[in-house]
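Here is how the chains run, residue by residue.
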Protein chains: 2
Amino acid sequence: MDGAEVAGLMQAIGARARAAAAELAFAPAETKRAALLAAAEALWDRRQEIIAANAEDLAHGRDKGLGAAMMDRLMLDEARVQAMAEGLRAVAAQDDPVGAVIAEWDRPTGLHIRRVRTPLGVVGVIYESRPNVTADAGALCLKAGNAVILRGGSESFHSSAAIHACLQAGLTAAGLQADAIQLVPTRDRAAVTEMLRMVEFIDVIVPRGGKGLVGLVQREARVPVFAHLEGICHVYADGAADLEKARRVVLNAKTRRTGICGSAECLLIDRAFYAKHGAVLIEDLLAAGVEVRAEGELADIPGTVPASPEDFGKEFLDMIIAAKLVDGVDEAIAHIRRYGSNHTEAILTEDAATAERFFQRLDSAILLHNASTQFADGGEFGMGAEIGIATGKMHARGPVGAEQLTSFKYLVTGDGTVRA
Amino acid sequence: MDGAEVAGLMQAIGARARAAAAELAFAPAETKRAALLAAAEALWDRRQEIIAANAEDLAHGRDKGLGAAMMDRLMLDEARVQAMAEGLRAVAAQDDPVGAVIAEWDRPTGLHIRRVRTPLGVVGVIYESRPNVTADAGALCLKAGNAVILRGGSESFHSSAAIHACLQAGLTAAGLQADAIQLVPTRDRAAVTEMLRMVEFIDVIVPRGGKGLVGLVQREARVPVFAHLEGICHVYADGAADLEKARRVVLNAKTRRTGICGSAECLLIDRAFYAKHGAVLIEDLLAAGVEVRAEGELADIPGTVPASPEDFGKEFLDMIIAAKLVDGVDEAIAHIRRYGSNHTEAILTEDAATAERFFQRLDSAILLHNASTQFADGGEFGMGAEIGIATGKMHARGPVGAEQLTSFKYLVTGDGTVRA
């Protein structure tokens, strides 16, 4: 396809999405639920087809020389297909956000005002290798009454198409328009460029993938974007921290999984903590096999590596952490303001006032007190699933579930009421 | 000033606003309230200065040959200064949105999650001739903990500066940074262009003014925008409408004030209503001096003018209304979807199911049942004041008060809690 053909294709997809969204906006909750359950069933029934399609992608990936981590993200087996189907059922089981009354009140004029959730419209999702995003993102958008245009990574082209077919089967079985969930049928990169500019057809874009993809989307999109570029998460161990809680949380925050955006990338230790407890937090990390890039006095601890300035504000996504001593919570706050990415930060302290100061003076999407940064996840927040995590402040923030894929409208009831 | 100087000036203003916002974000509610009350006092104390500054603007406006409506919007007298001061006191009296807990819940992991309001950051307000926007917008942004950059119209240059001095006096009296409310000190249009692109310093732009200004901002802004381009508001009189309520509402919706965005621009009459009640709604409008541009059979009513196709979807902002017969609520919905601007529409009916259909299938920011479209106003909604009305679906919608000038963050409390 040449550029004009891709543009024409995407415009047609956009127009169909817009038309589907207009109908989907008032689809009954039960119908959307039925579509999700039917899609889950289709996923399981067609698991052999899906796995066969995935084998094509894997073969292609091997030829292209994809790394082991990428190949693992790409791979589907029965267990992963089952997990996708369960994800769809979990979204089906959640309350329907559309039509929910967020607030209501009466006015002296006699008017009764309700603020009611309504779908956003059309969501564009641009993702990389994980084929399960097709199911998760499709399900969340449908739940919130939005049409969605999915643009999967070229590595997962066949897998995504097979999963997408199941979603459309679910829509059709429930009597909904198949255009409610569309998958861009070309690997051409020009399709992405087109999506980023389709303000008349797409209301919001959610990029899912590495910093390269997200950065590109944030720079180039004319459509609003829900995203986080990086998760440079900090853990601050205050002088008033409980030692055992601190040890547990620091280790979990860094090592439970290092490749996710909620993994801690920097440990800030209060000098008061260090005076009391010494190097224990760092020693725990070293013992767990973490490379600790330490600044100042901390670099004297055997086994650490001296930190360079660029280790602060860096997303390692690996068994590496930067570490630094600070003078109390205010220096920790100042450091995080300077180097953080407004994603997730944790404070470890038994002093409620210090925790409150950290909560008030920082403005990350998620702030935790005596808990691990690894909880930065829609499932852990009870949202059933998430389409992504947003660090912006417009509309959606933190884990983005179905509820944040909605807008609202005001429904006002009078009795022949006129304005004086 | 040349372009580079304006750019440098605006960047400096932006950096100061960003710094002020970081502090203002956790300013106590009482301090912000004190600043608003002190500003109200300053406005009244300095009313002579303000009126003198306004006289300069009026003289300048006369020289430029501004129209009567524009001159009226520009004019300040004691009563108008008093109204501004009262507006500030009304905003002061409202609950502080910052820190309010929007939702909270517990998780099986033992985590307690709170979703708490936090300021958006820096708001840019670009407006035209009304100098009172300086006070209203400044007050609402401050209330929500946002720094604001105000760019008034060149017509109200001196008036806005005098009002702005009172706002800064209020900030200073309360011990807040004067940079929390800045006014762009140049009439140079390049300052507007610069604001629209300052994504690193401005989080949202609110344009207040005519279609020319709003359209320019919507087209050119790289910063998110809360706005409505037009208020093409519809009133639909259903076959099951109560005649007296319908007469009252139609007349009020069109004629109470014609220059506001909530004024009705199109009347849709159900054929069933027309068969039962005849031309009464149109006759009422004609008797009130409204020019009725009627389509089809309605054009046979004496006194009407035949409608041309472009009269539908047109914002008259005048004693003019387009009128058309439709076959029931579904045709009304289809017409509004095609010609409306997603601002405000009203249905007149005694049939609850028909009203519900209208509420569900339309997606304007405000939908009214048996009430006048003229209620589309933040004050009438109980918000104390509004910075504008938004027809977009991202973040803010309908009348935008202090609450919608906030974002949120998650505050999560554990007890040494780690993720399994």
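Here the structure is a predicted model, which is why all the values come from computation and not from measurement.

To continue, consider the pattern of salt bridges. For side chains bearing opposite charge, pairing can occur when the charged atoms are close. The full count for this structure, using the stated rule, is 48 salt bridges over all chains. Residue Glu403 of chain A is joined to Arg115 of chain B by a salt bridge in which the shortest nitrogen-to-oxygen separation is 3.3 Å. In this pair, Glu403 of chain A is assigned in the loop between strand S15 (398–400) and strand S16 (406–417) and Arg115 of chain B in strand S2 (residues 112–119), connecting two distinct chains. With a relative accessible area of 12%, Arg115 of chain B lands in the buried category. Residue Asp284 of chain B pairs with Arg247 of chain B through a salt bridge whose shortest N-O separation is 2.8 Å. Remark: Arg247 of chain B occurs in helix H10 (residues 243–255) and Asp284 of chain B occurs in helix H12 (residues 280–287); sequence separation between them is 37 residues. Here the salt bridges share partners, and the residues they tie into one network are Arg115 of chain A together with Arg117 and Glu403 of chain B.

Residues and elements named next belong to chain A. Remark: helix H2 (residues 29–45) packs on helix H6 (residues 132–143), axes separated minimally by 10 Å, with the N-to-C direction vectors making an angle of 165°. In this view, H2 runs roughly antiparallel relative to H6, as classed from their interaxial angle. The two elements H2 and H6 cross, and the hand of that crossing is right-handed. Of the residues in H6, those in contact with Lys32, Arg33, Ala35 and Leu36 of H2 are Ala139, Leu142 and Lys143. Looking at the contact of H2 with H6 residue by residue, the classes come out as four nonpolar, no polar and three charged.

Before going further, it helps to examine helix H10 (residues 243–255) of chain A. Residues and elements named next belong to chain A. With 13 residues, H10 extends 18 Å from end C-alpha to end C-alpha; this agrees with the ideal 18 Å at 1.5 Å per step. Buried within H10 we find Lys245, Ala246, Val249, Val250, Asn252, Ala253 and Lys254. Between a side-chain oxygen at the N-terminus of H10 and the backbone nitrogen of Glu244 the separation is 3.1 Å; the capping residue is Asp242.

Through backbone hydrogen bonds, the strands of a sheet pair up, either in parallel or in antiparallel fashion. Residue and element names in this part refer to chain B. With parallel pairing, the four strands of this open sheet are ordered in space as S5-S4-S3-S6. Both edges of this open sheet fall to strand S5 (181–183) and strand S6 (204–208), since each of them pairs with a single strand only. Within this sheet the neighbouring strands show an average axis-to-axis angle of 20°, counted without direction. On top of the sheet, helix H7 (residues 157–173) reaches strand S3 (122–127) and S5; it is set at about 160° to S5, its chief contact.

For the rest of this paragraph, the subject is the packing of H2 of chain A against helix H7 (residues 157–173) of chain A. Helix-helix packing: each pair is described by the crossing angle between the helix axes and the interaxial distance. All names here are of chain A. Packing of H2 against H7 leaves a shortest axis separation of 7 Å and a crossing angle of 140°. By the angle class used here, H2 and H7 are oblique. Along this stretch, H2 crosses H7, giving a crossing that reads as right-handed. Contacts between H2 and H7 involve Ala35, Ala38, Ala39, Ala42 and Leu43 on the former and, on the latter, Ile163, Cys166, Leu167, Ala169, Gly170, Leu171 and Ala173. Of the residues that constitute the contact of H2 with H7, the class distribution is eleven nonpolar, one polar and no charged.

Moving on to the interface of chain B and chain A. If you look at the interface, chain B gives 71 residues, while chain A gives 71 residues. Regarding the contact of chain B and chain A, the summed buried area is about 6,000 Å², with carbon and sulfur atoms giving 50% of it. The largest per-residue losses of area from chain B upon contact with chain A belong to Met394, Tyr410 and Arg419 of chain B, which jointly make up 14% of the total buried on that side. The interface formed by chain B and chain A holds six salt bridges in total. As a salt-bridge pair, Arg419 of chain B and Glu380 of chain A come within 3.3 Å of each other at their nearest N and O atoms. The interface formed by chain B and chain A contains 57 residue pairs in polar contact (both at pLDDT 80 or more).

It is worth spelling out the UniProt feature "domain: Aldehyde dehydrogenase" (unreviewed entry) in chain A at this point. Following the UniProt record, one finds the feature "domain: Aldehyde dehydrogenase" (unreviewed entry) at residues 13–283 of chain A. Here residues 13–283 of chain A is 52% helix and 17% strand, with 55 Å between the C-alpha atoms at its ends.

If you walk across this open sheet you meet the ten strands as S10(A)-S9(A)-S11(A)-S8(A)-S7(A)-S12(A)-S13(A)-S16(B)-S2(B)-S1(B), and the pairing is mixed. Pairing within the sheet leaves two strands with one partner each, and these edge strands are strand S10 (305–306) of chain A together with strand S1 (101–106) of chain B. Sheet analysis places strand S8 (residues 264–270) of chain A next to strand S11 (residues 320–326) of chain A, joined by five bridges and oriented parallel. Residue pairing across strands places Asp270 of chain A opposite Val326 of chain A, the latter belonging to S11 of chain A. Of the strands in this sheet, strand S7 (233–237), S8, strand S9 (291–294) and S11 of chain A are in contact with helix H12 (residues 280–287) of chain A, which crosses S8 of chain A at around 155°. Docked against the sheet, helix H14 (residues 352–361) of chain A engages S7, strand S12 (344–348) and strand S13 (366–371) of chain A together with S2 and strand S16 (406–417) of chain B, running at close to 165° with respect to S13 of chain A.

This next bit is on the environment of His343 of chain A. Residues and elements named next belong to chain A. With respect to the helices, strands and loops of the structure, His343 is situated in the loop between helix H13 (328–339) and S12. When its relative accessible area of 0% is taken as the criterion, His343 is described as buried. A sequence separation of 82 residues divides His343 from Cys261, and the C-alpha atoms of the two residues are 8.3 Å apart. Setting aside its immediate chain neighbours within four residues, His343 contacts His228, Glu230, Gly231, Cys233, Cys261, Gly262, Ser364, Ala365, Ile366, Ala376, Ile389 and Thr391.

Here we take up the relation of the copies chain B and chain A. Mapping chain B onto chain A calls for a screw motion: a turn of 180° about the axis and a shift of 0.0 Å along it, with 0.0 Å RMSD after fitting. Both copies of the chain, as the preceding transformation shows, are related through a two-fold rotation axis. Within chain B, His395 of chain B has its C-alpha nearest the rotation axis, a separation of 2.0 Å. Both copies contact each other with a shared surface, as 100% of the interface residues of chain B are interface residues in chain A too.

Criteria and cut-off values
Position numbers for residues start from 1 in each chain and track the written sequence from start to end. Labels follow written order: the first chain is A, the first ligand is 1, and so on. In keeping with the model being predicted, local features are shown solely for residues with a pLDDT of at least 70 and side-chain atom pairs are shown and tallied solely at 80 or more, while totals for entire chains, interfaces and linings include all residues. As a rule here, side-chain values cover all heavy atoms of the structure and leave hydrogens and water aside. A pair is scored as a salt bridge if a Lys or Arg side-chain nitrogen falls within 4 Å of a carboxyl oxygen belonging to Asp or Glu. The way it works is that DSSP assigns letters per residue, a run of H or I at least four long becomes a helix, a run of E at least two long becomes a strand, and they are numbered from the N terminus. Whether a residue is buried, partly exposed or exposed follows from its accessible area with a 1.4 Å probe, protein chains only, as a fraction of its type maximum: under 20%, in between, or over 50%, in that order. Only C-alpha atoms enter the line fits that serve as axes; for helices the fit covers just the stretch in contact. Angles between N-to-C directions range over 0 to 180 degrees. Any angle from 65 to 115 degrees is called roughly perpendicular, while one under 35 is roughly parallel, one over 145 is roughly antiparallel, and all others are oblique. By the definition used in this description, the sense in which the near helix is turned from the far one sets the handedness, with an anticlockwise turn below a right angle giving left-handed and a clockwise turn giving right-handed. By definition in these notes, contact holds between two residues if any of their heavy atoms fall within 4.5 Å. Charged means Asp, Glu, Lys or Arg here, nonpolar means Ala, Val, Leu, Ile, Met, Phe, Trp, Tyr, Cys or Pro, and polar covers whatever is left, Gly included. Every helix has an expected span of 1.5 Å times one less than the residues it contains. Distance and chemistry together define a polar contact, namely a pair of N or O atoms within 3.5 Å, with one atom able to donate a hydrogen and the other to accept it when in protein, and with adjacent residues in sequence counting only for side-chain atoms on both sides. At least two bridges found by DSSP between two strands are what make those strands a pair. In this description, buried area is defined as the sum, over both parts, of the accessible area (probe of 1.4 Å) that is lost when the two are combined. UniProt positions are given in the numbering used here, feature names are shortened, and annotations may be inferred rather than shown by experiment. For the least-squares superposition of copies, only C-alpha atoms count, and only for residues with pLDDT at least 70 in both.

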